[in-house]
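Close look at the chain arrangement
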Amino acid sequence: MSLRETIEAAGWEEAQALRSMLNFADSLHEELVAIRRDLHGHPELLYSTDRTASIVAGLLEEWGLHVVTGVGPHFGKGVVGTLRGSLPGGRTILLRADMDALPIQELNEIDYRSEVDGVMHACGHDAHTAMLLGAAKTLAAHRDHWAGEIRFVFQPAEEGALPSPLDGRLLSGGRDMIEAGILDGVDRCYALHVWPELAAGTIGIHERYAMAASSHFHVTLQGKNGHHSTPHLAVDAIQMTAAYIQAINGLMAHGVDPTESAVLAFGTVQAGTVINAIAERSVISGTFRAFSKETVAAITEGLHRHAQAVSLSYGGSYELSFREGIAVVNDAEAVREVIRSGAAIVGRSRMLQLDAPSLAGEDFGWYLERVPGAFILLGCGNAEQGITDGLHRPRFNLDESVLTHGVKLLVHLVVDGQ
């Protein structure tokens, strides 16, 4: 069904209201570009998103939303804006954007390139924030024409986690905000993510699994220092590390169901201080990615078991910490709603149903574990403009024409879902 057919099928008054909202969203293009470029030039990492949160809260308050800042019992860096439509009834729908950037040095030669050395919006969170703000402004300006309640959630720390100052758990921003109760009473939740592998003007959705459970681990192997001339008096942490890496590679080859998709890779190894001394301590970090909870549990247990075995065999000890991941699993009915709304915005031929999920991770999975919803990919690549680099790369950029597509999709999901 085309956008015109969708609007006409809604009835005359509803059609006029929806048309007005979508036209209003189109009119926001320059404002959205300005917001996105400002955020792009001033990226912030993890929970250090005070500038971004302040801009978000100020705009939401200006547009008449009820705004709560400092959301999250552990870090208190989230922003939630709430808006209720004037019509009776309706559902409570949560829309999420992430605010944090990545520790990557930007290489783009653009007027709005990052002004912060070593930090860049290389995953499009600046665009996600701008689009959700555009949806908030559009729906606030037309609240007389829709029902229900919308929660606009702007979260920090999607790209990683830090130890909680309360209990030491490694927590991402989504988990911190969920523990503040942002999902209480929510009927549906949606999040957009720009996707350079898809062309600008297309929208992608997975029927079920969208992304894998991406878990981070840090292993500390503790030995005993000593001199190379007396190795029998020491416990070599580097030897322990070599044995542990070999054991975990064996775990992934033989200890995980071969019919399940799973991958584990080590990212860093830090050990030793001088050339002729035996290292007493080694710190290893990495990630593993899988889809089923059973596979995640098997790998987690294996990381512990082999760390214990290596430590015992060498006479050392170990500590192991995790940032637990969860798969991003879309709800079937929510997917149908996305397909209907997406086709209305970009046309049926450009509303893509995707088969193979990504092994990347996203903490929106914690939302979807508790509330039915969908994680939506918004095409942002444009080969003619030279916009072809993938996410998390120093020359990542996006076709800014997609900003209004994202706003219109979110608005349509809200109006169509009430």
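Before reading further, recall that the structure is shown in the block above.
Described below are features of the structure shown in this document. What you see is a predicted model, and the numbers here were worked out from it, not measured in a lab. (Residues numbered from 1 in each chain as written. Predicted model: local features only at pLDDT ≥ 70, side-chain atom pairs only at ≥ 80, totals over all residues. Heavy atoms only, no water.)

**Quick word on the packing of helix 7 (residues 237-254) against helix 8 (residues 293-314)**
- Between helix 7 and helix 8, whose axes approach to 9 Å, the crossing angle comes to 145°. Here the hand of the crossing between helix 7 and helix 8 comes out right-handed. Residue-level contacts link Gln239, Met240, Ala243, Tyr244, Ala247, Ile248, Leu251 and Met252 of helix 7 to Ile299, Gly302, Leu303, Arg305, His306, Ala307, Val310, Ser311 and Tyr314 of helix 8. (Axes fitted to C-alpha atoms, helices over the stretch in contact; angles between N-to-C directions. Helix = DSSP H or I, 4+ residues; strand = E, 2+ residues; numbered from the N terminus. Left-handed = near helix turned anticlockwise from the far one by under 90°. Contact = heavy atoms within 4.5 Å.)

**Brief notes about the sheet that holds strand 3 (residues 87-98)**
- Here 8 strands make up an open sheet; going across it, the order is 1-2-4-3-7-18-8-17 and the pairing mixed. Two strands lie at the open edges of the sheet, namely strand 1 (66-71) and strand 17 (351-354), each paired on one side alone. The average undirected angle you get between the axes of adjacent strands in this sheet is 25°.
- Here strand 3 pairs with strand 4 (residues 147-155) via 8 bridges, running parallel. Within strand 4, the residue paired with arginine 96 across the bridge is valine 153. (Pairing = 2+ DSSP bridges.)

**Brief notes about the environment of threonine 82**
- Checked against the element boundaries, threonine 82 lands in strand 2 (residues 78-84).
- Judged by its relative accessible area of 22%, threonine 82 is partly exposed.
- The spatial distance from the C-alpha of threonine 82 to the C-alpha of valine 67 is 6.5 Å, given a sequence separation of 15 residues.
- Ignoring sequence-local partners within four residues, the contact set of threonine 82 consists of Leu65, His66, Glu149, Ile150 and Arg151. (Buried < 20%, exposed > 50% of the residue type's maximum accessible area, 1.4 Å probe, protein only.)

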